[in-house]
Amino acid sequence: MKKKRLYVLILSLTMVLGVLSPRARAMALIAQNENVSDGGLTLERNHDLQPAVGLSGWSADSEALASLMQFVSESVDESHEDYIPPEDRIAVFDFDGTLYGERFPTSFNLWFNGWRALHCEDYDAPERLKIYAEQREAQLLYGTEFKILDPEAQKLFNGSGLFEGLTREEYTALVRRFKQQPVWGFEGMTYGEGYFQPMLSLVRYLHENGYSIYICSGSDRDATRVMTEGTLDQYIPTDHVIGTDFLYKASGQGDRNGSVYTMGKGEKLIISGCSDERTVRTNKAIAIQREIGRQPVLAFGNSSGDFTMADYALQNTQYGGQAYMLLCDDTERDYGDAEAAASFAARCEAAGYHTVSMRDDFLTIYGEQVQKADQSALDFSDGEAAAAA
């Protein structure tokens, strides 16, 4: 109790002095819901949070949500000085870790590629990609040491190496199959259902208030488009999905340049490669300018790879902007990391971003029907033995 009071005192003093270390901030902000032991920081979620009015899945005590709803309310009020015309109400969202989970056990694009290489029954991946995928999977699931011994295999695995020659329709069918797979580490959810429910209600709220909503992700654009089917596509149409692009060519084109080759009537477009420029960091702002042509007023992310996109919204001198970063700090309902989240929160505050705590601001994450799997059922021991073999 004395330690808790000390952290509250630290918070009060540092708010006055304007000085707050990441560790001090972490300890102070969670003082009411914590246990401290010699082994480090262990968090307990407040189970008495009340629902917010108007947005399902959010706590009524969420300061981030309150600030956002105020911004939106003023932006749609024609009599308010901060009114924003509908054509300029642009909101951009990262995908993995912002709208969709990335702890089962990693980003969907990486896990999808691994599924294609190792677990897709009707496909025999190139041997070098199998080896890379096996090492990557062992690292993700069992923490085994992972060294990149074949950089070219890594590039092909992360790019188009597992999909070259497929038509868009064939690739789409593969992603749809993947969406039906049960999520690793959870019960009652498939990969097609792995969305943060409060964020879905937030997207719907923005849509209802006349916002044009875009996804800007480092994941493959074509895969992200399929992932949104039946969930987000009524608010975020296909042409509002920005991501890393596959390269396509005509099926009969060979090595000829598309600017001189005329595609035959019976030909189809097939995947031929992947852009070397992934849509992360500065490339997010560049892609937004290239594809939207308007500066956003709202940006949502969850990592330093989204900082440039966030800053781009804050730099909107015509209307002003706001940026929000999700903290993966819930260890009860998800595989969060409280220490990393606290450090990230401090960086976000210093940069002028609002933070959203999944632990404190979300009444639910994936829905009440979804539970973390029994850790013993994940059978790590056998995996470690297999990886060692």
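Let me begin by describing the structure that accompanies this report. Every value quoted in this text rests on a predicted model; they were computed, and no experiment measured them.

Calculation criteria
- Residues numbered from 1 in each chain as written.
- Predicted model: local features only at pLDDT ≥ 70, side-chain atom pairs only at ≥ 80, totals over all residues.
- Heavy atoms only, no water.
- Helix = DSSP H or I, 4+ residues; strand = E, 2+ residues; numbered from the N terminus.
- Buried < 20%, exposed > 50% of the residue type's maximum accessible area, 1.4 Å probe, protein only.
- Contact = heavy atoms within 4.5 Å.
- Areas by Shrake-Rupley, 256 points an atom, 1.4 Å probe, with all protein chains shown as cover.
- Polar contact = N/O pair within 3.5 Å; in protein donor to acceptor, adjacent residues only side chain to side chain.
- Core = buried A, V, L, I, M, F, W, Y, C linked by side-chain atoms within 4.5 Å.
- Pairing = 2+ DSSP bridges.
- Right-handed = clockwise from strand over helix to strand, strands pointing away.

## What about the overall build of the chain?
Moving on, step 1. Tallying secondary structure elements over the chain gives 14 helices and twelve strands in all.
Moving on, step 2. Here the chain holds 389 residues, and 50% of them are scored as buried.
Moving on, step 3. Considering only contacts in the chain between residues 6 or more positions apart, those separated by 24 or more positions represent 71%.
Moving on, step 4. Split by element, the accessible area of the chain, about 18,900 Å² in all, is 48% carbon and sulfur.

## Some points on the side chain of Arg359
Moving on, step 1. Mapped onto the fold, Arg359 is located in helix α13 (residues 358–361).
Moving on, step 2. Judged by its relative accessible area of 2%, Arg359 falls in the buried class.
Moving on, step 3. In terms of polar contacts, Arg359 uses its side chain to reach the side chain of Asp360, at 3.1 Å.

## Concerning the nonpolar core
Moving on, step 1. If you look at the biggest cluster of nonpolar residues, it comprises 77 residues, and the most contacted ones within it are Phe93, Met199, Leu202, Leu206, Tyr211, Leu298 and Phe300.
Moving on, step 2. Apart from residues lying up to four places away in sequence, Phe300 is in contact with Leu68, Ala91, Val92, Phe93, Asp94, Thr98, Met199, Leu202, Leu206, Met309 and Tyr324.
Moving on, step 3. Counting residues in each nonpolar core, the second largest holds 13 residues, with Ile242, Ala287, Ala299 and Met309 among its members.

## Considering the pairing of strand β10 (residues 322–327)
Moving on, step 1. Within β10, six of the six residues are buried, which leaves it mostly tucked inside the rest of the structure.
Moving on, step 2. Along β10, one buried face is formed by Gln322, Tyr324 and Leu326 and the opposite face, lined by Ala323, Met325 and Leu327, is buried too.
Moving on, step 3. Where strand β9 (residues 298–301) and β10 come together, four bridges link them in parallel fashion. Residue pairing in the sheet places Phe300 in a bridge with Tyr324 of β10.
Moving on, step 4. A crossover links β9 with its parallel partner β10, the connecting element being helix α11 (residues 307–314), and its sense is right-handed.
Moving on, step 5. In the sheet, β10 pairs with strand β11 (residues 354–357) via four bridges, with the strands oriented parallel. Bridge pairing in β11 links Tyr324 to His354.
Moving on, step 6. Considered for its hand, the β-α-β crossover made up of β10, helix α12 (residues 338–351) and β11 is right-handed.

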